[in-house]
Amino acid sequence: MTTTATLKDKILEELDDLSAETLTEILAYVKSRKPSVETAKDSAIWQAYQRSKQKRAEVYRRLADS
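One structure accompanies this document, and this report is about it. Model, not experiment: these values are computed from the prediction.

## A closer look at the packing of aromatic side chains
- What the rule picks out here adds up to one aromatic pair.
- Ring centres of W46 and Y49 lie 5.3 Å apart, and the angle between their planes is 35°; on these two criteria the pair is classed as tilted. Taken together, the residues W46 and Y49, both in helix α3 (residues 37-55) and three residues apart, mark about one turn of the helix.

So, in structure tokens, the structure goes:
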């Protein structure tokens, strides 16, 4: 069975021979794979807004009609 530490060691060994340009591309890829905390916060805020909007749809409609 391969452990996370073993996989990280293997990755680090393979990275030793790569060019700076390739390492830059790999870093960008790795960063893109990590979930963004800011995106999660924005998503939670957006979902809360949508729930509020649905909950108060009648109030908003009456305000728009007046």
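## Section: a negative patch on the surface
- A grouping of D9, E13, E14, D16 and D17 is seen on the molecular surface, where their side chains present a negatively charged patch.
- Take E14: it is sitting in helix α1 (residues 4-15).

What counts and what doesn't
- Residues numbered from 1 in each chain as written.
- Predicted model: local features only at pLDDT ≥ 70, side-chain atom pairs only at ≥ 80, totals over all residues.
- Heavy atoms only, no water.
- Phe/Tyr/Trp six-rings, centres within 6.5 Å; stacked < 30°, edge-to-face > 60°.
- Helix = DSSP H or I, 4+ residues; strand = E, 2+ residues; numbered from the N terminus.
- Patch = residues over 30% accessible without salt bridge, like charges linked within 9 Å, V, L, I, M, F, W, Y side chains within 5 Å.
- Areas by Shrake-Rupley, 256 points an atom, 1.4 Å probe, with all protein chains shown as cover.
- Salt bridge = Lys/Arg side-chain N within 4 Å of Asp/Glu carboxyl O.
- Lys, Arg positive; Asp, Glu negative; His and termini not counted.
- Charge placed at Lys NZ, Arg CZ, Asp CG, Glu CD.

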